[in-house]
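# Tertiary structure, described
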Amino acid sequence: QWSCGAPCGRTLSCGLHACKARCHQGPCPPCAERSQESCYCGKSEEMRLCGHSEFSCSKPCGKLLDCKEHFCERECHPGDCGTCLRDPVRWGDRCACGKTYDCSHESARARLRRFVGVRKRCSQPLALCNQLCMKRHERCSHLCEKNCHEGSCGQCEAKVQRECRCSRTRREVVCSEVGDVTCHQVCRTKKTCGNHKCDVVCCEGFNNRNHEAHICLQVCGRPLSCGNHTCEEFCHLGNCPPCRVVVHEPIFCACGKNSIEPPSACGREAPYCQEPCAQLMDCGHVCPATCHQGEHPLCYEPVDRLCLGGHMYMKNKPCHVGSISCGQPCGKQLACGHSCSSQCHAGECKDCTKPCGARRVHCSHTCQAPCHPGSECEDTPCRCKVKQACPCGQRVEERSCGAYSDLRRPQWPALRCLPSCERPSLPPFPEGEPVKYTADLFQLASQHRRYVQMLEETFAAAILSRKGTDGSAPGRTPAASQLQALPSCESSRRLLAVEYARLHWRFKTSSKSDAVEGWWQVSVAATASSRFPRPLLSEIASSSGSSVSGHISMALSSQPCLRFVGLKSLDEVYDLVSAADGLLGVRSSDGHGEAVAFVERGALGANLFRRLTGQEPGADLVAVRSHSAWGQPSPGATRLRVKLEQTLTSGSRTAPRPKPQLDAWESKEEVP
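Residues numbered from 1 in each chain as written. Predicted model: local features only at pLDDT ≥ 70, side-chain atom pairs only at ≥ 80, totals over all residues. Heavy atoms only, no water.

### Regarding the overall build of the protein
- Counting secondary structure elements, the protein contains eight helices and 27 strands.
- In terms of overall size, the protein is more extended than a compact globule, its C-alpha atoms giving a radius of gyration of 56 Å where 672 residues would be expected to give roughly 26 Å.
- Over its C-alpha atoms, taken along the principal directions, the protein stretches across nearly 170 × 85 × 55 Å.
- For the protein, with 672 residues in total, the buried portion stands at 36%.
- Long-range pairs, those at least 24 residues apart, make up 43% of the contacts in the protein between residues at least 6 apart in sequence.
- With the model as given, the accessible surface of the protein reaches about 40,000 Å², and the carbon-plus-sulfur share is 50%. (Helix = DSSP H or I, 4+ residues; strand = E, 2+ residues; numbered from the N terminus. Rg over C-alpha atoms; globule rule 2.2 N^0.38 Å. Buried < 20%, exposed > 50% of the residue type's maximum accessible area, 1.4 Å probe, protein only. Contact = heavy atoms within 4.5 Å. Areas by Shrake-Rupley, 256 points an atom, 1.4 Å probe, with all protein chains shown as cover.)

Below, the structure written as structure tokens:
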């Protein structure tokens, strides 16, 4: 079913007027015509709905009776008022309430409150007795409880329980109170449309969806399928009818080359067109789509665009993406002096969340409190952790630094070795290969003799253990279970352990920074080429005189060296250059990620440089090439760069001796 939109025209329930609503289904709404009408007595006028023109104003009628003396005392009423009730003939010899008779005789005087004798005219008063009136009120069934009286009994004052209009509550009211009793509850009953709810307070059609008060007269107003017009029907369930508007103009495609001739139904799509759009989009590129209506599709033209933080150009990104983050740290200088550590971003940087980092006054640590620009660091005990090791390095204790103004640079007593430091005795070491130690390593071993002995016992046990498990597959690399972790050590012992293991025992090593600043965790693993050196470093360190000089080579500072830049760990240098290549030792340099590898002769250094870079030595840093199994450079090989310095064959200027750097940089754990 559908609506034609014309006025309904059916006669309404009043029988006088026609329905003016648009063509609709179901019963017509009540007649809404109003007119000015008078009450029965003519004293009041109200605007009344059609069909409800007659009404009583509930006031005394007041019309002059036929006696020409009195007025009608009845409540506003329809029809004739009748004859005067007080006429002596009509009233008779009664009191005003009608219960006492023969009121004109003297014998009745004692029974009356007012004695009037014989009445001859209607204007004379009525006798009053001592009883209650008990006449029935005209508008209700209650009796008048006043004393016998003349005239109307007036309004009924009895208290009654009356239901409200929606019948959900009851209330005590005076019987004569005019008007409906209402509560404060909202109806909330669904209307005939099924979409809206009645919001009338105390609705007489509560819980009755088909009541005339719940006929929904709202216009639907939902957009039609054409997308241009809205539904003009009364609110309804289900889909709206199709748009009835007819278009009398041609419908063209976006470029205007194809069209549909009129007449056409409103909302009909434009004709399909295969011509290219070819319009310039907001970004400046030409739209690659075919002829279309509305907005252009996203532009996927590859462009180079600067990242959000301005660090680099992002190559070949779709045009519609816009600027994006490159993923690098922002790095902008904050007001506190730190750099922004957030990922590359646009706009202002967030507040600094890094630790303060200022050097504390009473110890070598830094302030760990949240960054507090403009205020001094608090003078509280330092909470940074420090470690202390016994002479053999196996007993390591950790404690808080605790330094502040009342305890400046606290000194802790040196740790002694405990009986638990004693290691089980090993069989005599087999005869090893003769080696020489650099003067730098010898000097360092002389300061840590007990630690060197512990290292030698650990290395020997690892070699013997490997020889006992040689049944495994040949060429197998050390597994995680074969790695042996050494006790945590500070930087000088770390250098001693790594250099001694790598160059003289031919071990693989892996080191990473400890949670305590300046301390390291070193792991070692024996390999197929591992051997016992002869003599042991502990034997040289405990000897003196001519027996020592034959096993000590010159200091590293006088040797040629290769300077590496871009390192993550010292172990990377040992993986590139071994003792067989003439490597004497590796030391950290001044720069972050830099190290110097000392070799025996300048010719060896030049050969190593050529093997690592494929180029002749020069004054500039050259990228280290790293080849895969197919001979192609590995990705990221250019991270490492190298330069030959202090050579006796190149004729270049002699580089200054690098400062001994025992505090190596932070490194990730790498097991070669």
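Resuming the write-up.
### Things to note about the nonpolar core
- Membership of the largest hydrophobic core comes to 57 residues, with the highest contact counts inside it found for L496, W505, F507 and F564.
- Ranked by residue count, the leading element in this core is helix α3 (residues 449-468), at eight residues.
- C95, A96, C129 and C148 belong to the second largest nonpolar core, which has twelve residues in total. (Core = buried A, V, L, I, M, F, W, Y, C linked by side-chain atoms within 4.5 Å.)

### Regarding the packing of aromatic side chains
- For the structure on display, the rule yields seven aromatic pairs.
- When the centroid spacing of 6.1 Å and the interplanar angle of 85° are considered together, the rings of Y500 and W505 count as edge-to-face. In terms of burial, Y500 and W505 fall into one category: buried.
- An aromatic cluster is built from Y437, F459, Y500, W505, F507 and F532, whose rings are joined through pairwise contacts.
- It is R168 that lies over the ring of F206; its NZ or CZ is 3.7 Å from the centre.
- Over the face of the ring belonging to W412 we find R399, whose NZ or CZ atom lies 4.6 Å from the ring centre. (Phe/Tyr/Trp six-rings, centres within 6.5 Å; stacked < 30°, edge-to-face > 60°. Lys NZ or Arg CZ within 6 Å of the ring centre and 35° of its normal.)

### With respect to the sheet that holds strand β26 (residues 622-623)
- Taken together, the five strands give an open sheet; going across it, the order is β24-β25-β23-β27-β26, and neighbouring strands pair in antiparallel fashion. Of all the strands in the sheet, the pair left with one neighbour each is β24 (583-588) and β26.
- Bridge count for strand β23 (residues 561-565) against strand β27 (residues 641-645) is five bridges, and the pairing is antiparallel. Bridging from a neighbouring strand, F564 pairs with V642 of β27.
- Here helix α8 (residues 602-613) sits on the sheet in contact with β23, β25 (594-599), β26 and β27, set at roughly 160° to β27. (Pairing = 2+ DSSP bridges. Axes fitted to C-alpha atoms, helices over the stretch in contact; angles between N-to-C directions.)

### What about the pairing of strand β19 (residues 508-513)?
- In this structure, β19 lies alongside strand β20 (residues 519-525), joined through six bridges in antiparallel fashion. Bridge pairing links T509 to V524 in β20.
- The antiparallel pairing of β19 with β20 creates a hairpin that spans five residues between the two strands, and G518 there sits at a positive phi of about 85°.

### Thoughts on the pattern of salt bridges
- As enumerated under the stated definition, the model contains 21 salt bridges in all.
- The residue R114 makes a salt bridge to E150 at a minimum N-O spacing of 2.3 Å. Here R114 is found in strand β3 (residues 112-114), whereas its partner E150 is found in the loop between β4 (128-129) and β5 (159-163), with 36 residues between them in sequence.
- What makes R114 partly exposed here is its relative accessible area of 29%.
- When its relative accessible area of 25% is taken as the criterion, E150 is described as partly exposed. (Salt bridge = Lys/Arg side-chain N within 4 Å of Asp/Glu carboxyl O.)

### Let's talk about a nonpolar patch on the surface
- Taken together, L132, M134 and L143 make up a surface patch of nonpolar side chains, about 220 Å² in accessible area.
- Relative to the assigned elements, L143 resides in the loop between β4 and β5.
- With relative accessibility at 34%, the residue L143 sits in the partly exposed group. (Patch = residues over 30% accessible without salt bridge, like charges linked within 9 Å, V, L, I, M, F, W, Y side chains within 5 Å.)

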